[in-house]
Amino acid sequence: MGFLSEENSEIRCLERVANHIRQVVLDMVYNAKSGHIGGDFSEMELLIALYFKFLRFSSSDTDAPDRDRFVLSKGHCVEPLYAILAEKGCFPERELAGYGSTGSPFIGHPNRKIPGIEMNTGSLGHGLSLGCGMALAARMDHRPYHTYVLLGDGELNEGSVWEAAMFAAHNRLDKLMAIVDCNGLQISGPTEKVLSPGNLPIRWKAIGWHVVELADGNDMRAVCSVYEKALAGSGKPTVILAHTVKGAGCPSIEGKVEWHHRVPSQPEYERMKAELEEGALLL
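What this report covers is the structure whose coordinates are included nearby. Just so it is clear, the model here is predicted, and its values are computed rather than measured. (Residues numbered from 1 in each chain as written. Predicted model: local features only at pLDDT ≥ 70, side-chain atom pairs only at ≥ 80, totals over all residues. Heavy atoms only, no water.)

## Quick word on the overall build of the protein
Consideration 1: Within the protein one finds 10 helices and seven strands.
Consideration 2: Its C-alpha atoms give the protein a radius of gyration of 18 Å, within 12% of the compact-globule value 19 Å for 283 residues.
Consideration 3: Each of the three principal axes of the protein carries a C-alpha extent, and together these read 50 × 50 × 45 Å.
Consideration 4: The proportion of buried residues among the 283 residues of the protein is 52%.
Consideration 5: Sequence-distant contacts, at least 24 apart, represent 78% of the contacts inside the protein between residues at least 6 apart.
Consideration 6: Summed over all atoms, the accessible surface of the protein reaches about 12500 Å², with 52% contributed by carbon and sulfur.
Consideration 7: Within the protein, the 36 negative side-chain charges are centred at a point lying 4 Å from the centre of the 28 positive side-chain charges. (Helix = DSSP H or I, 4+ residues; strand = E, 2+ residues; numbered from the N terminus. Rg over C-alpha atoms; globule rule 2.2 N^0.38 Å. Buried < 20%, exposed > 50% of the residue type's maximum accessible area, 1.4 Å probe, protein only. Contact = heavy atoms within 4.5 Å. Areas by Shrake-Rupley, 256 points an atom, 1.4 Å probe, with all protein chains shown as cover. Lys, Arg positive; Asp, Glu negative; His and termini not counted. Charge placed at Lys NZ, Arg CZ, Asp CG, Glu CD.)

## Re the side chain of Lys 246
Consideration 1: Inspection of the secondary structure puts Lys 246 in the loop between β7 (238-243) and α10 (266-281).
Consideration 2: Although Lys 246 lies buried, it forms no salt bridge, and the closest oppositely charged side chain, Asp 153, sits 6.5 Å away as judged by the N-O distance.
Consideration 3: Within the structure, Lys 246 has its side chain in polar contact with the backbone oxygen of Leu 185 (distance 3.2 Å).
Consideration 4: The contact partners of Lys 246, leaving out residues within four places of it in the chain, are Gly 38, Gly 39, Ser 42, Asn 183, Leu 185, Gln 186, Ile 253, Glu 254, Gly 255, Lys 256 and His 260. (Salt bridge = Lys/Arg side-chain N within 4 Å of Asp/Glu carboxyl O. Polar contact = N/O pair within 3.5 Å; in protein donor to acceptor, adjacent residues only side chain to side chain.)

## Description of the pattern of salt bridges
Consideration 1: This model, assessed by the stated rule, comprises 11 salt bridges.
Consideration 2: We note a salt bridge from Arg 67 to Glu 118, for which the minimum N-O separation is 2.7 Å. Remark: Glu 118 occurs in the loop between α4 (79-87) and α5 (127-140) and Arg 67 occurs in the loop between α3 (44-54) and β1 (69-72); sequence separation between them is 51 residues.
Consideration 3: By relative accessible area, which is 11% here, Glu 118 ends up buried.
Consideration 4: A salt bridge links Arg 262 to Glu 268; its shortest N-O distance comes to 2.3 Å.

## Quick word on empty space enclosed by the protein
Consideration 1: Scanning the model with the defined rule gives one cavity of 30 Å³ or more in all.
Consideration 2: Lining of the largest cavity is provided by Phe 70, Val 71, Leu 72, Leu 81, Pro 110, Gly 116, Ile 117, Glu 118 and Met 119.
Consideration 3: It is β1 that contributes the most residues to the lining of the largest cavity, three residues altogether.
Consideration 4: Looking at the lining of the largest cavity residue by residue, the class counts come to seven nonpolar, one polar and one charged. (1 Å grid on protein atoms, 1.4 Å probe; cavity = no way out; pocket = protein on both sides within 12 Å on 5 of 7 lines; lining within 4 Å. Points joined across faces, edges and corners; volume = space filled by probe spheres on them. Nonpolar A, V, L, I, M, F, W, Y, C, P; charged D, E, K, R; others polar.)

Here it is, written out as structure tokens:
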């Protein structure tokens, strides 16, 4: 019973961090009048669980040779990553107030000038190739680190993703993990209607990847469980297909394509803020 209580406490703590980061991101987007809040919220639990439980990473030495590498391939959803790095102590949270302003390093896509950011990304379809290079370098240099790459399901429309996937499977990059945020929506509409990806588990398996499906990528307990299983190792690169909800955490915007890239009005901001504060009371 003690172990179960400890585990429940850890999950609840991670959920509270996710709620806090959502509030920080909402403020960032609203104040900067720019951002991709729908995708920010859909990827939240995937990032929180990774950074606060599984990723070997220290804010005191962000260039440590054996640190795990993380690449945000869907770079337009960078706001949670900035907020997480601030929470981890890479820089003061007050610096996030400059997000989106002239001269600030906190721009709309990952920026390597910021401690903890591995690569500039945002031109969709490139992140997995970068991750392949990092994973191959770890093997060549006899380093123990893992490489994680977070992609969007709309991003899978890019052919370069599949070239990288074939390369990873061919070279059996077993310390490479791709995480796909399958929220079902992209800027032009439902992913299935814009350009259907087909049966993703079958496609990834056919290439040679170990495939793990996650039915609810916004359920913190389920996310942690899947990461633990995926890290057990299979001798192949691993992909987690995480089914999430665009705008998760704010009922007023959940599952709505218009929130792919939209800045809330003042009434919308106040409503979303209230929803997040109400959610915090339940944790």
